[in-house]
Amino acid sequence: MNNGKTFIVTGAASGIGAETCRLLKEQGATVIGVDRNETGNADQFFRADLGDPASIDALVAQLPEGADGLANIAGVPPTMAAETVLKVNLYGLQRLTFGLVPKLADGASIANLASLAGFGWPNAVDQVKRTMDLSLEDDVASFCEKEGLNAAEGGRSYFLSKEALIVWTLQNRWTWRERDITMNCISPGPVDTPILGDFLQTLGKRAEEDRKHMDRPGTPQDVAPVVAFALSEHAKWFRGANLTVDGGMSGHILSNIHQL
Ligand SMILES: NC(=O)c1ccc[n+]([C@@H]2O[C@H](COP(=O)([O-])OP(=O)(O)OC[C@H]3O[C@@H](n4cnc5c(N)ncnc54)[C@H](O)[C@@H]3O)[C@@H](O)[C@H]2O)c1
């Protein structure tokens, strides 16, 4: 499916990013991995802290021209400080993407790893808009303080970061249409990776409720093919879409909301 293409994959050292590297290579693509932790999962590796503007800018300068796609997979769980969650999951991802677009090939695809945690964005539009007014250069720590995100139980910073990512993806459905560059996001339900325990810890009872309805948590092998599809030629008419891969969880929530 992706034979002969070159893709940049962030979060390459673990979980969904690691499996995406493996699958893309199996499909015949060349993979450039990015992570804060060294890894041999990709054909070429660049270390960067995707929550730090200087590190992102240095990475953009180093990355080669002409890649066919960018998979923004790196992310941190809600057990981290709210400032870190917003910086890595949202503002850093945005900075890397905007920085890299001029270097991507025409017709490239961008795939953002959002989450089922972002499902509720239509009910949080005002807070999402306030969040989107900031960038990595701004005082994110004070914003988190003002929004009460540090004290918020249940990992609100994580939910907000993913809600904003889904909205940002929507907003950029046609931003690079003249160059035929598309951007979509993928929203998995709970996936068995090293950060699953962090989610369960933060979500407490809510996670237990979710688990009652799930047959099993997802695996990186459930999610990576959807990322590979979003990066491929086959997804060319998807723009600003949110591809859910969650064992039916979002369908279950929607059915409950609408009493179907
Ligand atoms: N595991 C789940 O249940 C789940 C569910 C939905 C969405 N997601 C999302 O999927 C993505 C991948 O998560 P995962 O479950 O594979 O977790 P993971 O912890 O296995 O992988 C995350 C990777 O991101 C890297 N990373 C974190 N912060 C970084 C930084 N500042 N700079 C560079 N690299 C950094 C880590 O080193 C790690 O290799 C995340 O965006 C996460 O929010 C995960």
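Residues numbered from 1 in each chain as written. Predicted model: local features only at pLDDT ≥ 70, side-chain atom pairs only at ≥ 80, totals over all residues. Heavy atoms only, no water.

Student: If you had to explain the packing of aromatic side chains to someone new, which residues and values would you point to?
Tutor: This model, assessed by the stated rule, comprises four aromatic pairs. Taken together, the ring pairs in this structure connect Phe98, Trp168 and Trp176 into an aromatic cluster. Between Arg173 and the ring centre of Trp174, over which it is positioned, the NZ or CZ distance is 5.1 Å. Cation over ring: Arg177 sits above Trp174, and NZ or CZ is 4.3 Å from the ring centre. (Phe/Tyr/Trp six-rings, centres within 6.5 Å; stacked < 30°, edge-to-face > 60°. Lys NZ or Arg CZ within 6 Å of the ring centre and 35° of its normal.)

Student: Tell me about the site of the ligand, residues and numbers included.
Tutor: In the neighbourhood of the ligand, 31 residues make up the surrounding shell, with Ser14, Asp35, Tyr158, Val191 and Thr193 lying closest. One of the backbone N or O atoms of Gly15 is found 3.4 Å from an oxygen atom in the ligand. Note that an oxygen atom of the ligand is positioned 2.8 Å from one of the backbone N or O atoms of Ile16. Contact with the protein chains covers 97% of the free accessible surface of the ligand, which is 830 Å². For the shell around the ligand, the secondary-structure elements that each account for two or more residues are helix 1 (15–26), helix 6 (156–171) and helix 7 (196–203). Class assignment of the residues belonging to the shell around the ligand gives a composition of 18 nonpolar, nine polar and four charged. (Near = heavy atom within 4 Å. Polar contact = N/O pair within 3.5 Å; in protein donor to acceptor, adjacent residues only side chain to side chain. Areas by Shrake-Rupley, 256 points an atom, 1.4 Å probe, with all protein chains shown as cover. Helix = DSSP H or I, 4+ residues; strand = E, 2+ residues; numbered from the N terminus. Nonpolar A, V, L, I, M, F, W, Y, C, P; charged D, E, K, R; others polar.)

Student: An account of the side chain of Lys162 is needed here, citing residue identities and associated values.
Tutor: Here Lys162 lies in helix 6. Buried and unpaired, Lys162 has no salt bridge, with Glu163 as the nearest side chain of opposite charge at 12 Å. The contacts of Lys162, once residues within four sequence positions are left out, are Asn89, Leu113, Ala114, Ser115, Ala117 and Gly118. (Buried < 20%, exposed > 50% of the residue type's maximum accessible area, 1.4 Å probe, protein only. Lys, Arg positive; Asp, Glu negative; His and termini not counted. Salt bridge = Lys/Arg side-chain N within 4 Å of Asp/Glu carboxyl O. Contact = heavy atoms within 4.5 Å.)

Student: Explain the sheet that holds strand 1 (residues 6–10) residue by residue, including any values.
Tutor: One open sheet holds the seven strands; their spatial order is 3-2-1-4-5-6-7, and the pairing between them is parallel. Both outer strands of the open sheet, strand 3 (44–47) and strand 7 (242–245), are each paired with one neighbouring strand and no more. Between one strand axis and the next, the sheet turns by 20° as a mean value, whatever way the strands run. Bridging between strand 1 and strand 2 (residues 30–35) involves five bridges; their strand directions are parallel. Paired with Val9 across the bridge in strand 2 is Gly33. Seen against the sheet, helix 3 (residues 82–100) touches strand 1, strand 4 (69–72), strand 5 (109–113) and strand 6 (182–188) and runs at an angle of roughly 175° to strand 4. Seen against the sheet, helix 6 touches strand 5, strand 6 and strand 7 and runs at an angle of roughly 150° to strand 6. (Pairing = 2+ DSSP bridges. Axes fitted to C-alpha atoms, helices over the stretch in contact; angles between N-to-C directions.)

Student: Before we move on, could you go through the pattern of salt bridges and cite the residues and values that matter?
Tutor: Summed over the entire model, instances satisfying the criterion amount to 12 salt bridges. Its salt-bridge partner being Arg130, residue Glu147 comes within 2.7 Å of it at the nearest N-O pair. Taken as a pair, Glu147 in the loop between helix 5 (140–146) and helix 6 and Arg130 in helix 4 (residues 125–132) lie far apart in primary sequence, 17 residues in all. Residue classification places Glu147 among the buried residues on the basis of a relative accessible area of 18%. A residue is classified by how much of its surface remains accessible, and Arg130, at 38% relative accessible area, is partly exposed. Note that Arg216 and Asp222 form a salt bridge whose closest N and O atoms lie 2.8 Å from each other. What emerges from the salt-bridge pattern is a single network uniting Glu19, Arg22 and Glu26.

Student: For helix 3, give the residues involved together with the corresponding values.
Tutor: The terminal C-alpha atoms of helix 3, which comprises 19 residues, lie 26 Å apart, in line with the 27 Å expected from a rise of 1.5 Å per residue. A maximum bend of about 40° is found in helix 3 at Val88. Judged by how many residues are buried, helix 3 sits mostly within the fold: 14 of 19 residues are covered. (Expected span 1.5 Å × (residues − 1). Bend = angle between axes of the 7 residues up to and from the residue.)

Student: Give a description of the nonpolar core that names residues and reports values.
Tutor: Core analysis: the largest hydrophobic core is formed by 44 residues, its most contacted members being Ile8, Leu50, Leu59, Tyr91, Leu104 and Ile110. Of all the secondary structure elements, the ones that give two or more residues to this core are strand 2, helix 2 (53–62), helix 3, helix 4, helix 5, helix 6 and strand 6. If one sorts the elements of this core by residue count, helix 3 sits on top with seven residues. Not counting residues within four places of it along the chain, the set of residues in contact with Ile8 comprises Ile32, Val34, Leu63, Ala67, Gly69, Leu70, Ala71 and Leu100. Core analysis: the next-biggest nonpolar cluster, separate from the first, contains 26 residues, Leu24, Ala71, Ile186 and Ala241 among them. (Core = buried A, V, L, I, M, F, W, Y, C linked by side-chain atoms within 4.5 Å.)

These values are about where atoms sit, not about what they do.
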